Amino acid sequence: MSTTTADLHQDPHEHGGEHDPHQQHHFTTMEQQFDTSKIGMWLFLVTEVLTFGGLFAGFGLMQHKYPREFVEAHEELQRWAGATNTMVLLISSFTMVMAVLSARTNQAKKTAMYLWLTVGCAGIFMCIKAYEYTHKFEEGLLPGIYYSHHGDLIAGSHGYATFFSFYFMMTGLHGLHVLIGMILLSWLAIRARRGEFSDKYYTPVDLVGLFWHLVDMIWIYLFPLYYLIR
């Protein structure tokens, strides 16, 4: 006998099954819901890559236009801060992976612990970035018309202001993503502590994990672009 659409959407309680409260009514199974959610997240991440990709392309064009100014502007950045933030985000990627693994293996306390550790790493990243921004403000290394740094080798060039326009635009946008990630991770940690995630339902942890890995990956490109390449 063939199975109709109506049969697929029958209430599992009618056959003695147990309905998962996390399953939305428009999905036939939890597996279908998980796969659909993950595809949606990947599509969102593609738009994020396109956004940053455009900024990377613009940076490259301006670097070609102002090569000497960009090299000099690079020297104003603190490499130790960029390197430290890189290590912090790499550690946060590991704790995020462990959080997903813990959720999949029904370890609620460990899931919450790893999520809070990830939040902590993000907090360290933001503190270091705030320190860097403060230094730039004090030195007048600001974007666009607000650039007021003295002692540049090529006086009157717009290349320095252009460099820091891209610097604040790209690192600021990345920092906004880190902040959003901290909010999402904190929300997940609270839910994990309540025991809401298990091997049967851990979709939010997995999806936020994908988002967080993208945030880390973008920084992996930003770090050498601004702090290392001359």
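Each value, and the rule that gives it
- Residues numbered from 1 in each chain as written.
- Predicted model: local features only at pLDDT ≥ 70, side-chain atom pairs only at ≥ 80, totals over all residues.
- Heavy atoms only, no water.
- Helix = DSSP H or I, 4+ residues; strand = E, 2+ residues; numbered from the N terminus.
- Buried < 20%, exposed > 50% of the residue type's maximum accessible area, 1.4 Å probe, protein only.
- Contact = heavy atoms within 4.5 Å.
- Areas by Shrake-Rupley, 256 points an atom, 1.4 Å probe, with all protein chains shown as cover.
- Lys, Arg positive; Asp, Glu negative; His and termini not counted.
- Salt bridge = Lys/Arg side-chain N within 4 Å of Asp/Glu carboxyl O.
- Polar contact = N/O pair within 3.5 Å; in protein donor to acceptor, adjacent residues only side chain to side chain.

**Student:** Help me understand the overall build of the chain in this model?
**Tutor:** If you tally the helices and strands in the chain, you get seven helices and zero strands. Across the chain, helices and strands are ordered from the amino to the carboxyl terminus as α-α-α-α-α-α-α. Here the chain holds 230 residues, and 45% of them are scored as buried. Across the chain, every contact between residues at least 6 apart in sequence was considered, and the portion connecting residues at least 24 apart equals 77%. Just so you have it, the chain exposes about 12,600 Å², and 66% of that area is on carbon and sulfur atoms.

**Student:** Which parts of the structure should I look at to understand the side chain of Asp216?
**Tutor:** Tracing the sequence through the fold places Asp216 in helix H7 (residues 203-228). At 13 Å, Lys129 is the nearest oppositely charged side chain to Asp216, a buried residue that forms no salt bridge. Side chain to side chain, Asp216 and Ser92 meet in a polar contact 3.4 Å long. Those residues in contact with Asp216 that lie beyond four places of it in its chain are Leu89, Ser92 and Ser93.

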